Every structure is written in structure tokens, then in C-alpha cells.
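# Chain and residue survey
Each chain is listed here by its residues.
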Amino acid sequence: MCPFRPAPAVYDLAFAFTLWGFLGGAPADLVEARGPLFRSASHHYTAQRAIADAVAEETLRLTPEAVAERLDRWRELLNPAESA
């Protein structure tokens, strides 16, 4: 990992907020599943890592628009072990 990587861009934030259903229209089961992950993430590195690790590598290649189109199948976008 490059130590000089820039901070997250608007694209990165749109991707994350869309994936985790924070921009509206999220399935109820996604909202329920994300609760425990995000409640403990404030200042805890391991909890933050769990959120990052829950995203499937293939999902990272998608655009925010593609993620939004697949949000009804959100479990396919995440790693089952980390997002269960």
C-alpha cells in the first residue's frame, strides 16, 4: 500500500454509502445487518477493518451506479463470512 495515497474521493464515498445502503432505498435486511458493524466502528480499528474486509474484491471493481443496481442482492456484493 502506498503511504501517499490520497484521501477518499467523492467517488469512493458514494460507492461506500451506496453499498451499505446509507443513500436510501436499502433493503431492510441490509439496514439490519449493517447495524452491529457500524455501531462499534467509531474508533476501533478492528471494527473498521471488519467493514472493509466484508466487501468482496469483485465488488470493488464496480461503479456506485452498478452497486445501486445490485443492492437488492446485497449479499452477493459482500464476503459471506464477514457480513453474516
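Notes on the structure in this doc start here. (Residues numbered from 1 in each chain as written. Predicted model: local features only at pLDDT ≥ 70, side-chain atom pairs only at ≥ 80, totals over all residues. Heavy atoms only, no water.)

### Considerations on the overall build of the protein chain
To keep things clear, this is the line we draw: Only DSSP runs of H or I with at least four residues qualify as helices, and only runs of E with at least two residues qualify as strands; both kinds are numbered from the N terminus onward. Here the term buried applies to any residue with accessible area under 20% of the maximum for its type, exposed to any over 50%, and partly exposed to those in between, with areas from a 1.4 Å probe on protein chains only. Residue contacts follow a heavy-atom distance rule, with two residues in contact if any of their heavy atoms lie within 4.5 Å. Here the open area of atoms and residues is found with the Shrake-Rupley method and a 1.4 Å probe, where only the protein chains shown may cover a residue.
From N to C terminus, the protein chain includes 5 helices and 0 strands. Per-residue burial for the protein chain yields a buried fraction of 31% across its 84 residues. Look at the contacts in the protein chain between residues 6 or more apart in sequence, and 57% of them connect residues 24 or more apart. Accessible surface, the protein chain as shown: approximately 5,900 Å² in total, 60% of it carbon and sulfur.

### Here we look at the pattern of salt bridges
Using the following cut-off: The salt bridge criterion pairs a side-chain nitrogen of Lys or Arg with a carboxyl oxygen of Asp or Glu, the two atoms within 4 Å.
Applying the stated rule across the entire model yields 5 salt bridges. One salt bridge connects Asp72 with Arg73, and the closest N-O pair in it is separated by 3.8 Å. Here Asp72 falls in the exposed class, since its relative accessible area comes to 57%. Between Arg73 and Glu76 there is a salt bridge; the shortest N-O distance is 3.2 Å. For Glu76, a relative accessible area of 56% translates into the label exposed. A single network of salt bridges, built from pairs that share partners, joins Asp72, Arg73 and Glu76.

### Some points on the nonpolar core
A general feature of soluble globular proteins is that nonpolar side chains tend to end up buried together. Heads up, the condition is: By nonpolar core is meant a set of buried Ala, Val, Leu, Ile, Met, Phe, Trp, Tyr and Cys residues that side-chain atoms within 4.5 Å join together.
One finds Leu19, Trp20, Val67 and Leu78 to be the most contacted residues of the largest nonpolar core, which totals 17 residues. Listing elements by their share of this core, those giving two or more residues are helix H1 (10-19), helix H2 (28-39), helix H3 (45-53) and helix H4 (64-70). In contact with Val67, not counting residues within four places along its chain, are Phe15, Thr18, Leu19, Thr59, Leu62 and Leu77.

Worth remembering: the numbers are spatial, not functional.
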